[in-house]
Amino acid sequence: MLISREVDYGIRIVLLLCEANRKMDAKEISEISGVSIRFTLKILGKLTSSDLVESFRGAKGGYVAAKKPEDISVYDIVEVLEGGIKVNGCFEDKTSCTTSKMALCGLRCRLEGVNIKIKEELEKITMDKLENCSGFDS
């Protein structure tokens, strides 16, 4: 299982905002994080539609982390950008398995436990535990 590029960049962006502890515009975020401006704006759009990042419009606009670093987990970002953890397609598309197949599926049963464990571990990793990893010099 791989973390998608979007989640990877989303973590970098949120971490950068937490470490900066000030309003930053998308261009600055893009330059420091190394994420293209187009992808930065796409990710910021999703993050601002959640409760993780707050945006401000206008000439003095920009973005800030909407919560304290210790209150933002890696899983929060995964959930916003990917809809959560899904180690198999049957967790994403509930119609791919019939009820009778799911009842007999030993793999799904085992993978559900893996899903839960991964979620729990990612919830333990908060931005304050990752600080000083973004390359941002405050």
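Our structure is the block above this text.
Before going into details, it helps to say that this report is about the structure given with it.

About the thresholds
Residues numbered from 1 in each chain as written. Predicted model: local features only at pLDDT ≥ 70, side-chain atom pairs only at ≥ 80, totals over all residues. Heavy atoms only, no water. Helix = DSSP H or I, 4+ residues; strand = E, 2+ residues; numbered from the N terminus. Buried < 20%, exposed > 50% of the residue type's maximum accessible area, 1.4 Å probe, protein only. Contact = heavy atoms within 4.5 Å. Areas by Shrake-Rupley, 256 points an atom, 1.4 Å probe, with all protein chains shown as cover. Pairing = 2+ DSSP bridges. Salt bridge = Lys/Arg side-chain N within 4 Å of Asp/Glu carboxyl O. Polar contact = N/O pair within 3.5 Å; in protein donor to acceptor, adjacent residues only side chain to side chain. Patch = residues over 30% accessible without salt bridge, like charges linked within 9 Å, V, L, I, M, F, W, Y side chains within 5 Å. Lys, Arg positive; Asp, Glu negative; His and termini not counted. Charge placed at Lys NZ, Arg CZ, Asp CG, Glu CD.

### As for the overall build of the chain
Along its length, the chain carries eight helices and two strands. Across the 138 residues that make up the chain, the buried fraction comes to 35%. Across the chain, every contact between residues at least 6 apart in sequence was considered, and the portion connecting residues at least 24 apart equals 65%. Just so you have it, the chain exposes about 8500 Å², and 50% of that area is on carbon and sulfur atoms.

### Regarding the pairing of strand 2 (residues 62-65)
Pairing of strand 1 (residues 53-56) with strand 2 involves four bridges; the strand directions are antiparallel. Looking at the pairing, Ser55 lines up with Tyr63 of strand 2.

### Let's talk about unusual backbone geometry
One non-glycine residue, Asn21, adopts positive backbone phi at about 55°. Topologically, Asn21 is positioned in the loop between helix 1 (5-20) and helix 2 (26-33).

### Overview of the pattern of salt bridges
Following the criterion strictly, the structure yields seven salt bridges and no others. For Glu31, the salt bridge identified is with Lys27, shortest N-O distance 3.4 Å. Separated by four residues within a single helix, Glu31 and Lys27 lie in helix 2, roughly one turn from each other. The class of Glu31 is exposed, set by a relative accessible area of 55%.

### Some thoughts on the environment of Ser33
Along the polypeptide, Ser33 turns up in helix 2. Judged by relative accessible area, which is 12%, Ser33 ranks as buried. Taking the C-alpha atoms as reference, Ser33 lies 7.4 Å from Leu16; in sequence the two are 17 residues apart. For Ser33, the side chain forms a polar contact with the main-chain oxygen of Ser30, separated by 3.5 Å. Polar contacts involving the side chain of Ser33 include one to the main-chain amide nitrogen of Val35, which spans 3.3 Å.

### Some words on a negative patch on the surface
On the surface, Glu70, Asp71, Asp128 and Glu131 cluster together to form a negatively charged patch. Looking at where Glu70 falls in the secondary structure, it is placed in the loop between strand 2 and helix 4 (74-82). Judged by its relative accessible area of 42%, Glu70 is partly exposed.

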